Amino acid sequence: MKRLITLAFLTYCTFTFAQTSPNIYDIIDAVSEERLRQDVKTLADFGTRNTFSDTISDTRGIGAARRWIKNEFETISKGCNNCLNVFYQKDFVTKEGNRRVPKDAWVVNVVAIQKGTKYPNRYVIMSGDIDSRASNTMDFTTDAPGANDNASGMAGAIEAARVLSKYQFESSIVYVGLSGEEQGLFGGAGLAAYAKEQGWDIIGVLNNDMIGNIEGVDGVIDNRTFRIFSEPITTAETDPEILARQARGRRFFGGEVDGTSRQLARYVHNTVKTYMPEMNPMMVYRLDRFGRGGHHRPFNDLGYPGIRIMEAHENYTQQHQDIRTENGVAYGDTFEHVNFGYAKKLTAVNAINMASLAWAPPAPSTVEIGGIVEASVKLKWNAVDGAKGYKIYWRDTTSPTWDHSRYVGNVTEFTLDGIVIDNFYFGVAAVDADGFESVVVFPNKIMR
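None of these values were measured; they are calculated from a predicted model.

Peer 1: Can you walk me through the pattern of salt bridges in this structure?
Peer 2: Where charged atoms of side chains with opposite charge meet at close range, the side chains can pair. Applying the stated rule across the entire model yields 23 salt bridges. Close ionic contact of R35 with E159 constitutes a salt bridge, the shortest N to O distance being 2.5 Å. On the criterion of sequence distance, the pair formed by R35 in helix 3 (residues 33-44) and E159 in helix 5 (residues 147-164) is long-range, its members being 124 residues apart. Residue classification places R35 among the partly exposed positions, given a relative accessible area of 30%. In this structure E159 comes out as buried when scored by relative accessible area, which is 0%. Where D39 meets R162, a salt bridge forms, and the shortest distance between an N and an O atom there is 2.9 Å. Of this pair, D39 sits in helix 3 while R162 sits in helix 5; the two residues are 123 residues apart in sequence, bridging distant segments of the chain.

Peer 1: Help me understand empty space enclosed by the protein, please; the structure alone is not making it clear to me.
Peer 2: Gaps left between atoms are located by rolling a probe of water-molecule size over the structure's atoms. Within the structure shown, the criterion is met by 2 cavities of 30 Å³ or more. Surrounding the largest cavity, S132, R133, A144, P145, G146, D149, E182, Q318, H320, Q321 and D333 form its lining. Partitioned by chemical class, the residues of the lining of the largest cavity number 2 nonpolar, 5 polar and 4 charged. Roughly 40 Å³ of internal volume is contained in the second largest cavity.

Peer 1: Is there a simple way to think about the sheet that holds strand 17 (residues 445-446) in this case?
Peer 2: Whenever strands of a sheet pair, they do so through backbone hydrogen bonds, lying parallel or antiparallel. Here 4 strands make up an open sheet; going across it, the order is 15-12-11-17 and the pairing mixed. The open sheet has two free edges, formed respectively by strand 15 (413-417) and strand 17, since each of these has just one partner strand. Pairing analysis gives 4 bridges linking strand 11 (residues 367-370) to strand 12 (residues 376-381), with the strands arranged antiparallel. Bridge assignment links V367 to a residue of strand 12, and that residue is W381.

Peer 1: Honestly, helix 3 in this entry has me stumped. Any pointers?
Peer 2: Counting along an α-helix, one turn takes 3.6 residues, and residues three or four places apart therefore face a common direction. A rise of 1.5 Å per residue sets the reference length of helix 3, with its 12 residues, at 16 Å; its end C-alpha atoms lie 16 Å apart and thus fit the reference within 8%. Every buried residue of helix 3 is accounted for by L36, D39, V40, L43 and A44. The buried residues of helix 3 occupy an angular sector of 130° when projected down its axis, which confines them to one face. In this fold, the buried residues of helix 3 make contact with helix 4 (62-78), helix 5 and helix 11 (340-359).

Analysis parameters
- Residues numbered from 1 in each chain as written.
- Predicted model: local features only at pLDDT ≥ 70, side-chain atom pairs only at ≥ 80, totals over all residues.
- Heavy atoms only, no water.
- Salt bridge = Lys/Arg side-chain N within 4 Å of Asp/Glu carboxyl O.
- Helix = DSSP H or I, 4+ residues; strand = E, 2+ residues; numbered from the N terminus.
- Buried < 20%, exposed > 50% of the residue type's maximum accessible area, 1.4 Å probe, protein only.
- 1 Å grid on protein atoms, 1.4 Å probe; cavity = no way out; pocket = protein on both sides within 12 Å on 5 of 7 lines; lining within 4 Å.
- Points joined across faces, edges and corners; volume = space filled by probe spheres on them.
- Nonpolar A, V, L, I, M, F, W, Y, C, P; charged D, E, K, R; others polar.
- Pairing = 2+ DSSP bridges.
- Expected span 1.5 Å × (residues − 1).
- Arc of directions from axis to C-beta.
- Contact = heavy atoms within 4.5 Å.

Written out as structure tokens, the structure is:
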């Protein structure tokens, strides 16, 4: 009888915590290629969305674009019983001291917040950029349709709001259009500072900047691969003594590539491989493209986890270019270059990860590890509200992803017998009754 009970329990655990969620598949299916096409066309047809372009016209410039975006979010909210709080968040930037700012102006973001039912102050954020630019970033009058950079990401954030507003989540979701990206990441910096002032507990920022191109300047055509950029550890400024102590700890215990942004990137990778196995997420161990930055960076600067999700193969003839033809090459970021089937896939990538994070319980705040000169690894963590159990992850020290895991039930400490601490890295995630998991937490305390 005891054997039968044990087998039944194991079967229950496997069913409960190895299953996939039908809701996630429904979310993937609900993302509309046609709506993305219409929204990118609308945004591109504003002529230019340069941060310093016309704010009065109803048909041209960034003013018309942000009013249209706000109206779209408000329309979505009406369809879900006013489930979105839609507002402008803005900061004033001046020409003085900013070499990419041609004149003083307001940098205005459009924010839509879907409040969580249980953890309203925990936020997962999806951002797209409103603004576009011509060859000369100071030129705010020339046509700059910015179809891929970044009407594609902005349309993705709007579409994610349409899809996810049909559900309720325990944590809050923010859909946002950020401005001033091309002039120095002003919009992201403004919203990150606002979040800090409001005391937001940010689970993660998914920055979408260019999610619609599949034909690279390198000659590769690929509609399945996408990049996930993440910094290795937090770069937030803190006390120098604390930084030095953390650096000493990493030297002996590891963690050089295990900051919160990197764990968020691994979470996205795992979710995509589980629910969208046809896609090829590429983990890139860098903040952004070589020597460059995106709107997740200001959040990273304040210690928040944030990553960039974007196409794998860029075409530089279509980025930051005046519309023209030279030597038979058509330059310009125009509508016909966007692949909407691909934009649909990457929008779905964002939507399923936001849903998974917003349905999941909080992650453990403290994870202790021990097992020096032993043949077993000991892990201990704090109990998490809403968790029905916990999952231990481990990987080779050179692996970019968590490759092994074990669900250990509703306990707060566990020993992995026969696994030597020296050969792997470890982490712990909280799991709810439906199998949704928190981000993995790398050990932050040593057991002696």
